[in-house]
Amino acid sequence: MRWVIIGLIGVATVVNYIDRNALAVMWPEIASEVGATKEDYALLVTIFMLFYALGQFVFGKLFDAIGVRLGFALSIGVWSISIALHALASSVASFSIFRAMLGISEAGAWPGAVKANAEWFPAKERALAQGIFNAGASVGAIISAPLIALIFLWIGWKGTFLLVGALGFIWLLPWLVIYRAGPDRHPWVSAAERALILDKPQAHASDEALAPVYVPTMRQLLSHRQSWGVILSRFFLDPIWWLFVSWLPIYLAETFNFDIKQIGIFAWVPYVGAMIGSMFGGWLSGWLIKSGRSPGMARKLTVTLGGLIMTPCLVAAPNMTDPTMAVLVIAGVLFGFQIAIGNIQTIPGDLFDGRSVGSLAGIGGMAAVAGTLITTWLVPVMTKVSYGPIFILVAALVPLSILSLWFVTGRIAPVQAATPIALKDS
């Protein structure tokens, strides 16, 4: 049952990325129709990300309060309405309103997935489960460019927004039927699977039930160095992903003079690398744990490998003069990124009880947006001649993310109330 749940969440992520990428793919046509500029697009990305940051915090707390089932239903219901409303936009101002609505509601998918992962999977399976979820983002990005281009050529950009808005409501039907409760009460979970999910020997279940469980408040979460390691890692690393999610179609249009049809042909390629990286990073972490590494060390080693792959690819990408080679090198960037980020996103579940995981995941998401906003504001300034400077800038962020994980987070293990940030971590 746990794999069915994470599979459904992965499909929700596919829908999420089809919705959010639609504007980027169709922007060259929309911009000419509404009289918008590259700076206007940067403004729309900024508005989306600001409200996305707010949504990470709001939905992180909300998922902890109302649970995974209702949290996802609310998030995907609102974002589906929001993307459909894009069909009514006729100016940068109206697009701004609908991008704000989309940003705050789409943000719920990530803290919700991290919380579901922590509740439904033992530590040795969490990275692979997170990889499946993150692969959904990659699949959505793979599908979105050619799919949006095809629908656009068929019914125009307004009709495209309406059609993709319907996808979320289709997803809601099986979700509400299948996700009846958490793993401890779900009627379709067997006793054997429940024992595996809880990751405890059944003979000691009663003793574990009597042990106090540390469920920190928001203030307590932020008193631990482990939390800040996760937050900083997300702050430095996530701008790399968002650079390509937000700007790849524009990069192809400006660097290689692509139209929407050509963008649809090329823009999906890098996300194949991302999809493979999601699955490989999850598998590798699990393999290291089975080989005797602790979950924390397995996460760190896998994240470091991802960084070693993406950094040279980022440096090489702006030197590619052939579009095919350019998208293949960017595929290497996103391959390494997903190897790393999937493991970073599992760490809240390694550190804290499931009742506070959504909150930490939401704060980490806010930090990710903060870092992304800085690069978003810099893109129009740094890409007047080429995209080389912005690629080099984000390459420099990779080691900062890895160092944060190793030296700020420290030892990755369940945190107790007696290990605040002021104390030295062993």
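The model shown is predicted, which means the values in this text are computed figures rather than measured ones.

*Asks:* Run through a nonpolar patch on the surface, naming residues and quoting values.
*Replies:* Taken together, Leu50, Phe51, Leu54, Phe57, Val58 and Met366 make up a surface patch of nonpolar side chains, about 460 Å² in accessible area. The element that contributes the greatest number of residues to the nonpolar patch is helix H2 (residues 38-66), accounting for five residues. Relative to the helices and strands, Leu54 resides in helix H2.

*Asks:* Tell me what's going on with the pattern of salt bridges, and back it up with residues and numbers.
*Replies:* Should the charged atoms of two oppositely charged side chains come close, the side chains can pair. The full count for this structure, using the stated rule, is nine salt bridges. As a salt-bridge pair, Glu193 and Arg2 come within 3.1 Å of each other at their nearest N and O atoms. Of this pair, Glu193 sits in helix H7 (residues 191-198) while Arg2 sits in helix H1 (residues 2-34), and the two are 191 residues apart along the sequence. Of the two residues, Glu193 and Arg2, both sit in the buried class.

*Asks:* Before we move on, can you summarise the packing of H1 against helix H5 (residues 109-120) with the specific residues and values?
*Replies:* Where H1 contacts H5, the axes come no closer than 11 Å and their chain directions differ by 170 degrees. What the angle tells us is that H1 and H5 run roughly antiparallel. Side by side, H1 and H5 meet where Arg2, Ile5, Ile9, Thr13, Asn16, Tyr17 and Arg20 of the first sit next to Ala109, Trp110, Ala113, Ala116 and Trp120 of the second. Of the residues that constitute the contact of H1 with H5, the class distribution is eight nonpolar, two polar and two charged.

*Asks:* I'd like to hear about the side chain of Gln338, residue by residue, with values.
*Replies:* Along the chain, the position of Gln338 falls in helix H14 (residues 323-351). At a separation of 3.2 Å, a polar atom in the side chain of Gln338 contacts the side chain of Ser278.

*Asks:* Account for the packing of aromatic side chains, with residues named and values stated.
*Replies:* All chains considered together, the criterion is met by 30 aromatic pairs. Relative to Tyr41, the ring of Trp27 has its centre 5.3 Å away and its plane inclined at 45 degrees; by these criteria the two rings are tilted. Taken as a pair, Trp27 in helix H1 and Tyr41 in helix H2 lie far apart in primary sequence, 14 residues in all. Judged by relative accessible area, which is 6%, Trp27 ranks as buried. Residue Tyr41 is classed as buried on the basis of its relative accessible area, which comes to 4%. Among the aromatic residues, ring-to-ring pairing joins Phe59, Phe63, Phe72, Trp120, Trp171, Trp175 and Tyr179 into one connected group. Above the plane of the ring of Tyr17 lies Arg20, whose end atom (NZ or CZ) is 4.4 Å from the centre.

*Asks:* Residues and numbers for the nonpolar core, please.
*Replies:* Soluble globular proteins: nonpolar side chains tend toward being buried together. Ranked by size, the top nonpolar core spans 130 residues in total, and within it Phe161, Ile240, Trp241 and Phe244 carry the most contacts. When sequence neighbours within four positions are dropped, the list of residues in contact with Trp241 reads Tyr17, Ala137, Ser138, Tyr271, Ala274, Leu334, Phe337 and Gln338.

*Asks:* Can you lay out the packing of helix H6 (residues 123-178) against H14 for me, pointing to particular residues and giving the numbers?
*Replies:* At a closest axis distance of 9 Å, the pairing of H6 and H14 adopts a crossing angle of 130 degrees. Overall, the two elements H6 and H14 adopt an arrangement that is oblique. At the point where H6 passes H14, the crossing takes the right-handed sense. Residue-level inspection shows Ala123, Arg126, Ala127, Gln130, Asn134 and Ser138 of H6 in contact with H14, the latter providing Gln338, Ile341, Gly342, Asn343, Gln345, Thr346, Gly349 and Asp350. For the contact of H6 with H14, the class distribution of residues is three nonpolar, nine polar and two charged.

The rules behind the values
- Here, residues in each chain are numbered from 1, in the same order as that chain's written sequence.
- pLDDT decides what is reported in this predicted model: residues at 70 or higher carry local features, side-chain atom pairs at 80 or more are listed and counted, and totals for whole chains, interfaces and linings draw on all residues regardless.
- Note that the side-chain values use all heavy atoms of the structure and ignore hydrogens as well as water.
- For patch building, the residue pool is restricted to those with more than 30% relative accessible area and no salt bridge; the joining distance is 9 Å between like charges and 5 Å between nonpolar side chains (Val, Leu, Ile, Met, Phe, Trp, Tyr).
- Residue exposure ignores everything except the shown protein chains as possible cover, and the areas themselves are Shrake-Rupley values with a 1.4 Å probe.
- What makes a salt bridge here is a side-chain nitrogen of Lys or Arg within 4 Å of a carboxyl oxygen of Asp or Glu, nothing more.
- In this text, helices come from DSSP runs of H or I with a minimum length of four residues, and strands from runs of E with a minimum of two, each type numbered from the N-terminal end.
- Whether a residue is buried, partly exposed or exposed follows from its accessible area with a 1.4 Å probe, protein chains only, as a fraction of its type maximum: under 20%, in between, or over 50%, in that order.
- In this analysis, axes come from line fits to C-alpha atoms, helices being fitted only over the stretch in contact, and the angle between any two N-to-C directions falls in the range 0 to 180 degrees.
- In what follows, roughly perpendicular refers to angles from 65 to 115 degrees, roughly parallel to angles under 35, roughly antiparallel to angles over 145, and oblique to any angle outside these ranges.
- We call two residues in contact when some of their heavy atoms are within 4.5 Å.
- Amino acid classes used here: Ala, Val, Leu, Ile, Met, Phe, Trp, Tyr, Cys and Pro are nonpolar; Asp, Glu, Lys and Arg are charged; the rest, including Gly, are polar.
- Here a polar contact means two N or O atoms within 3.5 Å. Within protein one must be a hydrogen donor candidate and the other an acceptor candidate, and residues neighboring in sequence count only if both atoms are side-chain atoms.
- Stacked, tilted and edge-to-face are the three classes assigned to paired rings of Phe, Tyr and Trp, where Trp is represented by its six-membered ring and a pair needs centres within 6.5 Å; plane angles under 30 degrees give stacked, over 60 edge-to-face, the rest tilted.
- Ring-over charges, as used throughout, are those where CZ of Arg or NZ of Lys falls within 6 Å of the ring centre and within 35 degrees of the ring normal.
- Think of a nonpolar core as a cluster: buried Ala, Val, Leu, Ile, Met, Phe, Trp, Tyr and Cys residues, connected wherever their side-chain atoms sit within 4.5 Å.
- Two helices that cross are described as forming a left-handed crossing if the nearer one is turned anticlockwise from the farther one by less than a right angle, and a right-handed crossing if clockwise.

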